[in-house]
Every structure is written in structure tokens, then in C-alpha cells.
Amino acid sequence: QEEDVEMNSRGCETLCTTTWGLCDTVIGVLGGGQLGRMLCQAASPMGVRVSVLDPLPDCPAGKIAYHHQVGSFKDMEAVREFAKGCGALTVEIEHVNVETLEALARENVDIEPKPFTIRIIQDKYIQKMHFKQHGVSLPEFMKIDSEEDAEEAGKLFGYPLMLKSRRDAYDGRGNAVAQSREALSLAISSLGGIERGLYAEKWAPFVKELAVMVARGRNGCIRSFPVVETTHVSNICNTVEAPARIAPEVAKLAMQVAERAVGSLTGAGMFGVELFLLEDGNVLLNEVAPRPHNSGHYTIEACCVSQYEQHLRCVLGLPLGDPSMKVPASLMYNILGEADGEEGFTIAHETMRRAMSVPGASVHWYEKPEIRKQRKMGHITVVGPSSEVVRARMDWIINTKGIQDY
Ligand code: ATP
Ligand code: MG
Ligand code: MG
């Protein structure tokens, strides 16, 4: 454990020099989804003001932000205009106009993490190349510029073969699995064809998916939150359990892979690192997000500082908070739209009502303008004395299974 402490506080002895006055700065966030909303919520107690740029007039963050500029984070003019009213810029989504951010950085606009980091990450193929060059273990991959390339990948990596869109992917919308050579063509067209820009990844036969939220301050100090265990249904994050139920040496390796990956990128802020744990104990990188992450929602209730507050502290150059857990166990569950419209709301509302009658459960509703099937509408975090207890509590909330005997 001493080693863990050492690992978590590497470089943090260099005290940040920012005066509190910098908090008068408005932090501008590109994107106004749920992550932006939770950044606004975390900013409030510190007296920090957050503005958001999002095209949806009633986006989740816009409802509570200090200021909401309705406009696209992909549009040069909108990003430039937005930047004028902000002391520092950051992102809650990586699919932004990075050329404009690069131009603004040259004009000395304060942007964290660095636009070059966002550029690397927003193209998953370039991201993989980058991490490979920096010695981060990851599944084998190759670029696909034709159907023949895909067949070649199938020969090299075998089946099932994972095909991915290089850009604009989220919640698995950009992934297609081909079970055989014959299925390649359909998988390619389901992703919008070769023109979309694709690459192939060798199937990772993971026994668990893990994630680490890594914070990096402006002075380069790294602080990681505990390793968590994630589950996905149809490529969409379903649950996140913290701490992960893994051997200490596996946790250490996961932390090392995550910190090596983040260490190869530039700029301050939170980084969400997704990992695959293989049967032999090896850990491979899946992808990195240059921002707070779904796998870090649990930190709001379960850790001494949340990933959202930590992100703001990083961007502002304030001292970083303690990322360790203040409860023995936590479990997060994403509330996805189960039906469009009113029916979807009724189902979600029922789940939230049940959660409210359970000790240690907190409800987060994102107030998205419309409920749609398979979209993240909110989440529930349960904290408690053990993994068994938080699981039982969540099982009751989601499946109404078991008796209410926690
Ligand atoms: P998000 O950004 O919402 O996390 P995404 O659209 O970027 O998702 P990925 O993270 O690439 O998609 O993949 C989603 C899920 O698909 C992973 O969490 C994992 O469950 C599965 N997956 C991805 N790549 C592989 C692989 N090479 N082998 C096996 N499963 C994979
Ligand atoms: Mg992704
Ligand atoms: Mg992912």
C-alpha cells in the first residue's frame, strides 16, 4: 500500500502556484452533455464558473451552466467566439474542431488538455499508433482501406474480428464484429463503408474490462483513482464497480499501463483509460478519453474528490484532491432509454424511485431533451460496506430481484 501512495503522489510535492484569484476565470467546456453538466455541478461549491458550448438549446449542461453558448463545438466561428469569453478551455467530448483549438493555442489561449492530445485521440487508429510507439500494450490492429485489407486482417488476427470506425465513435456506435470472412462485407457496410475510415483490431478475449481515471495537474503530477471493473452490454457501458475485484498485482499493472498511456500525452486534466484484463493476467489498453469518463461517475459519491472536481482543479492549476475511496465499495449503473418518449421516461422514473428507497443510493438524471432507446439518460451509484451489499442493493433496484434486506 505504501507503494500505492508513492505511485499516487508522484511529483505532487511541487505545490501549484495558482492563486485563488484564477478561479474568477470562466472555464469554457466544449460540449454540454452529462459530463459537462457534472463539471458544472462540481464547479459550484468551489465558486468556479463554467460556460458550455453545445448546439442543443436544452442540453444537460446548458440548464445549470454559468453561461451556455448555443453553437457547435465542431464549428470554427462558434469555437472562436466562445473562447473570447473564457479564461481557459477544456472539453467534455473529443469530437471537437481541433484545428481551431490548435490555432487558438498558438494565439496563447489556455487549453487543457493540449489540442495535440485531442488530435491524437480523436482518430482511434492514430491513437493506437501513438500508444504502440510509446510501448503501451494493446491488441494488434491495422488500417483498413479496402475490403481486401479487411480480409488480410482476418487472416492475420483471426475471427471474431473487431472492425472500428476511426472517428466519431462512442457507445459502440462505430464498432462492428465480423464472425467470419463472409461477414466482413456486411460489417463494413454497417459502419458506413470503407469511406468512413476504418481499422481492424484483433479480438481481445478479456476476462474483465477495467478502467482507471488518471488525473494530471499542470505541473505534470499524476494522481490515479482506484482501478474499477466495467461491464458493457451491446458495447455500451452498463455497470462500474469500485474497487475492481482483482489481485493487487493486477491492479498495479493496470495502473502502470494507464499511467504510461497518459504520460505519453500532453496537457492537464482527467483521462479515462479503458483496459482489457486477459486470462493470463496481462493488461491491454482499449482506448483513452481526454476528459472525465463514464467509468468515473462513481467518484462523486465514493471518493474524497470527484473526477469532475479533479478535472477543474487540474485545468485551473489548483492542488489536486485525494482520489482514494472514502467508502469500502460502490457500484454504478447507467440508466439507458428503454423506449422512446413518454414510455421511456416512465420506466426510468420507476427505477429512480426504487433507488431512492435504498440506503447508499444516489440518483443522477441528466435532463436530456428527449428520451431515446439505448441513450444514456442518467445513472445510479450505490455505495456500501462491501461488494456483496452494493450488488444486492443494485440488483433490487434494477431487477427488483431478491428481498429488500440490505
Ligand atoms: P466508448 O467511447 O463509449 O467507451 P467506443 O464506441 O469508443 O465506446 P470501444 O471502447 O472501442 O467503443 O468499444 C466498446 C466495447 O466493445 C468495449 O468496452 C469492449 O467491451 C468491446 N471491445 C472493443 N474492442 C474490442 C476488442 N478488440 N476485442 C473485444 N472486445 C472489444
Ligand atoms: Mg470511445
Ligand atoms: Mg470505449
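Small disclaimer: the values here were computed from a predicted structure and weren't measured. Along every chain, residues carry numbers that run from 1 in the direction the sequence is written. Chains carry letters and ligands carry numbers; both start at the beginning, A for chains and 1 for ligands, and go up in the order they are written. In view of the model being predicted, local features appear only for residues whose pLDDT reaches at least 70, and side-chain atom pairs are presented and counted only at 80 or more, with totals across whole chains, interfaces and linings using the full set of residues. Calculation of side-chain values draws on the structure's entire complement of heavy atoms; hydrogens and water are dropped beforehand.

Draft legend 1. Spotlight on the pattern of salt bridges. Any carboxyl oxygen of Asp or Glu that lies within 4 Å of a side-chain nitrogen of Lys or Arg is treated as forming a salt bridge with it. Taken as a whole and judged by the stated rule, the model has 25 salt bridges. With its nearest N and O atoms 3.3 Å apart, the salt bridge here joins Asp168 to Lys74. Of the two residues, Asp168 is situated in the loop between β6 (161–165) and β7 (175–178) and Lys74 in the loop between β3 (67–70) and α3 (76–84); the sequence distance between them amounts to 94 residues. Here the term buried applies to any residue with accessible area under 20% of the maximum for its type, exposed to any over 50%, and partly exposed to those in between, with areas from a 1.4 Å probe on protein chains only. Owing to a relative accessible area of 38%, Asp168 belongs among the partly exposed residues under this scheme. Taking the shortest distance from any N to any O, the salt bridge between Glu140 and Lys202 comes out at 3.6 Å. Residue Glu140 is found in the loop between α6 (124–133) and β5 (141–144), and its partner Lys202 is found in strand β8 (residues 198–202); the two are separated by 62 residues along the sequence. Given a relative accessible area of 45%, Glu140 falls into the partly exposed group. Relative accessible area serves as the criterion here: at 32%, Lys202 is assigned to the partly exposed category. Connected through shared salt-bridge partners, Lys208, Glu229, Glu241, Arg245 and Arg391 make up one network. By definition, any uninterrupted DSSP run of H or I lasting at least four residues is a helix, any uninterrupted run of E lasting at least two residues is a strand, and each is numbered from the N terminus.

Draft legend 2. Quick peek at the coordination of the magnesium ion (ligand 3). A donor here means an N, O or S atom no more than 2.8 Å from the metal, or no more than 3.2 Å when the metal is Na, K or Ca. Since water is not included, a site may seem to lack partners. Note on the magnesium ion (ligand 3): its protein donors are Glu274 (OE), Glu274 (OE) and Glu287 (OE). The metal-donor distances range over 2.0 to 2.7 Å. In this structure the magnesium ion (ligand 2) is found 3.7 Å away from the magnesium ion (ligand 3), and Glu287 serves as a bridging donor for the pair. You can see Glu274 sitting in strand β13 (residues 269–278) and its partner Glu287 sitting in strand β14 (residues 283–289), a full 13 residues away along the chain. No difference in accessibility class separates Glu274 from Glu287, as the two residues are buried.

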